[in-house]
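Architecture at a glance
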Amino acid sequence: GFAEQLPFWAGERSASARLLALLPSGVGLIFDSKKGRYLLVNSDKDASLTSAPSSYTNLKPIDPVFGPRGRNPIERQKNLNFYTTLRISAAGAICASCVHLALTPIDVVKTKVQTDPKGYPNPISAFQRVVNEEGLATFFNGWQPTFLGFFVWGGFAYIATEFFRSQIAERVGSAATSLEVPIILCAAGIASFFGSFLIAPFETVRIRTVAQPEYGNNIFAAGGKIFKEEGISAFFNSVPVFMLKEIPFACAKFTVFDIASTKLYEMYPAASENLQLSLLVTLTSGTFGGIIAAIVSNPADCTISEMKKASTEISPGGAAAILVETGGLSAFFKGLTLRMVFYSLMVGGQFLLYDTVRFALGVGSDDLKLYLDVLGSAISTNAGR
């Protein structure tokens, strides 16, 4: 066989390259950009085959006897079992906690800029001041609530999004294909609603320890002090604002990621059969998702930082009013540039590590979808007779 128009980076190790080696001489693949897929083609020697695209005068596509649908397996969402659920949850927990931990220094600078804009007017001066006055160790203030909080959040958010997505798609039925974006938005929104209750206590402790480094030596000391001084409600009174932050953030993150990865796979189909290229698509799509997510969630993020930087009974509305009074509407976008950098790295890194860990744990597309290969089943059945 031959591989006409296969991208050079598909490589000998790709599934397509190995399959093509089994084809008869003169039979191979061409990519039809109008149809967005590869065509199995033969030479002009067999006049019974239908015509190939005009740009390939010596090749003709091969249509299976079942028509165009016969080229692809029939698929539907597969119910998640306990083992698959556990592995996806573990992948989400590892990727969210590790990436957030690695980016803690950027998060510290972002929080400084948001909680004290006069003392830290921009990221560069904030970085220099922290180094000069507090030392490099300050860049990892709040690492404990960051790691533990996002370990819990990641373990829940990724599997919850996948679960709600599959449940919604199953109930929508055959229309799910045309409603992919609304389904992602709904699934991510529902998962974020519940996830806000999980992350709020950890973020309360993190912001307090970054804004007031002397407040507590560790997560337990700081958390205990907040509980003693302000009660348990202090850990959850910012949940409504977290929802205003996390729901748009997650919706933008997952939706942009899904759209971007779909478009990239349409542009470079061979990437779906190569692990390295697939992870590159994941990283690129996640980076785009992180930038958009940072923009839509920045106002709520600034409001939370204003609420939690000190021991006060300030409400979300009160915090928003203070921001408007001190800096106008632009105060809601303080630290946006740094957040765009932070979340492009964070979301891109999360999705990359998530897919890497997921593959390492043996969770592939066959764990999420059930493929019914009608033609393959028929051949196997007839061969056994």
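Residues numbered from 1 in each chain as written. Predicted model: local features only at pLDDT ≥ 70, side-chain atom pairs only at ≥ 80, totals over all residues. Heavy atoms only, no water.

Points about empty space enclosed by the protein
Applied cut-off: Here a cavity is any set of points on a 1 Å grid over the protein atoms alone where a 1.4 Å probe fits but cannot get out, and a pocket is any open set with protein on both sides within 12 Å along at least 5 of 7 lines; a residue lines the site when it has an atom within 4 Å of a point. Grid points are joined across faces, edges and corners, and a volume is the space filled by probe spheres set on the points. Counting from the N terminus, the helices are DSSP H or I runs at least four residues long and the strands are E runs at least two residues long. Residue polarity follows a fixed list, in which Ala, Val, Leu, Ile, Met, Phe, Trp, Tyr, Cys and Pro are nonpolar, Asp, Glu, Lys and Arg are charged, and the others, Gly among them, are polar.
Inspection of every chain in the model, using the stated rule, returns 2 cavities of 30 Å³ or more. Of the volumes computed, that of the largest cavity is approximately 150 Å³. Every residue lining the largest cavity is counted, 18 residues in all, and those nearest its centre are His 100, Phe 150, Lys 245, Glu 246 and Tyr 343. Put simply, the parts of the chain that give the lining of the largest cavity at least two residues each are α3 (104-115), α5 (143-172), α6 (180-211), α8 (239-267) and α11 (336-360). Within the lining of the largest cavity, the residues separate by chemical class into 7 nonpolar, 2 polar and 9 charged.

A short note on the environment of Asp 301
Threshold: With a 1.4 Å probe rolled over the protein chains alone, any residue whose accessible area is under 20% of its type maximum counts as buried; one over 50% counts as exposed, and the rest are partly exposed. What makes two residues a contact is simply this: any of their non-hydrogen atoms within 4.5 Å.
Summarising the element assignment, Asp 301 is placed in helix α9 (residues 275-308). Overall, Asp 301 belongs to the buried group, its relative accessible area being 3%. Residues Asp 301 and Gln 114, spaced 187 residues apart in sequence, show a C-alpha to C-alpha distance of 8.8 Å. Not counting chain neighbours up to four residues away, the residues in contact with Asp 301 comprise Lys 110, Gln 114, Lys 245 and Arg 339.

Side note on the nonpolar core
Nonpolar side chains tend toward joint burial in soluble globular proteins. Stated precisely, the cut-off is as follows: For the purposes of this section, nonpolar cores are sets of buried Ala, Val, Leu, Ile, Met, Phe, Trp, Tyr and Cys residues that join through side-chain atoms within 4.5 Å.
In this structure, Trp 153, Tyr 158, Phe 254 and Met 346 are the most contacted members of the largest nonpolar core, which totals 40 residues. Elements with a minimum of two residues in this core: α2 (82-102), α5, α6, α8, α9 and α11. Among the elements that line this core, the one with the most residues is α8, at 10 residues. Setting aside its immediate chain neighbours within four residues, Trp 153 contacts Ala 96, Tyr 158, Gly 195, Ile 199, Glu 246, Lys 253 and Gln 350.

Here we look at a nonpolar patch on the surface
The test is simple: Here a patch means residues that are over 30% exposed by relative accessible area and free of salt bridges, tied together within 9 Å if like-charged and within 5 Å if nonpolar (Val, Leu, Ile, Met, Phe, Trp, Tyr). Where accessible areas are quoted, they stem from the Shrake-Rupley method and a 1.4 Å probe; at the residue level, only the protein chains shown are allowed to cover. Salt bridges are counted wherever a side-chain nitrogen of Lys or Arg sits within 4 Å of a carboxyl oxygen of Asp or Glu.
There is a patch of nonpolar side chains on the surface, built from Ile 190, Phe 193, Phe 194, Phe 197, Phe 227, Ile 232 and Phe 236 and spanning about 650 Å² of accessible area. In terms of residues, the nonpolar patch owes the most to one element, α6, which gives 4 residues. Tracing the backbone shows Phe 194 in helix α6. A residue is classified by how much of its surface remains accessible, and Phe 194, at 41% relative accessible area, is partly exposed.

Side note on the packing of α2 against α11
Where we set the bar: Here an axis means a line fitted to C-alpha atoms, over the contact stretch when the element is a helix, while the angle between two N-to-C directions is reported on a 0 to 180 degree scale. It is the rotation of the near helix from the far one that decides the hand of a crossing: anticlockwise by less than a right angle makes it left-handed, clockwise makes it right-handed.
Contact pair α2 / α11: the axes reach a minimum separation of 8 Å and the direction vectors enclose 145°. The way α2 lies across α11 gives a crossing that is right-handed. For the pair α2 and α11, contact is made by Ile 88, Ala 91, Gly 92, Ile 94, Cys 95, Ala 96, Cys 98, Val 99 and His 100 and by Phe 342, Leu 345, Met 346, Gly 349, Gln 350, Leu 353, Tyr 354, Val 357 and Arg 358, respectively. Of the residues assigned to the contact of α2 with α11, the class counts are 13 nonpolar, 4 polar and 1 charged.

Observations concerning the packing of aromatic side chains
The condition that has to hold: For Phe, Tyr and Trp, where Trp contributes only its six-membered ring, two rings pair if their centres lie within 6.5 Å, and the inter-plane angle classes them as stacked under 30 degrees, edge-to-face over 60, or tilted in between. By the criterion adopted, a ring carries a charge over it if an Arg CZ or a Lys NZ lies within 6 Å of its centre and within 35 degrees of its normal.
Under the criterion given, the structure shown has 14 aromatic pairs. Each ring, one from Phe 254 and one from Phe 351, has its centre 5.7 Å from the other, and the planes form 85°; the classification is edge-to-face. Here Phe 254, found in helix α8, pairs with Phe 351, found in helix α11; they are 97 residues apart in sequence, far enough to count as distant. For the pair shown, Phe 254 and Phe 351 are each scored as buried. Seen from their ring centres, Phe 257 and Phe 351 are 3.9 Å apart, and the 10° between their planes marks the pair as stacked. With Phe 257 in helix α8 and Phe 351 in helix α11, this pair connects stretches of sequence that are 94 residues apart. Phe 351 sits in the buried class, given a relative accessible area of 4%. Through a chain of ring-to-ring contacts, the aromatic side chains of Phe 150, Trp 153, Tyr 158, Phe 254, Phe 257, Phe 351 and Tyr 354 assemble into a single cluster. Sitting over the ring of Tyr 120, Arg 129 keeps its end group 4.5 Å from the ring centre. One residue, Lys 225, lies across the ring of Tyr 215, its end atom 4.5 Å from the ring centre.

Topic: the pattern of salt bridges
Under the defined criterion, the tally for this structure stands at 10 salt bridges. The salt bridge partner of Asp 107 is Arg 206, with a shortest N-O separation of 3.3 Å. With Asp 107 in helix α3 and Arg 206 in helix α6, this residue pair connects regions lying 99 residues apart in the sequence. The two residues Asp 107 and Arg 206 agree in class, both being buried. Residues Asp 258 and Arg 165 are paired through a salt bridge, measuring 3.3 Å at the closest nitrogen-oxygen approach. Taken together, the residues span a long stretch of sequence, with Asp 258 in helix α8 and Arg 165 in helix α5 at a distance of 93 residues. Overall, the relative accessible area of 13% leaves Asp 258 in the buried class. For Arg 165, a relative accessible area of 26% gives the class partly exposed. Linked through salt bridges whose partners overlap, the residues forming this network are Lys 245, Glu 246, Asp 301 and Arg 339.

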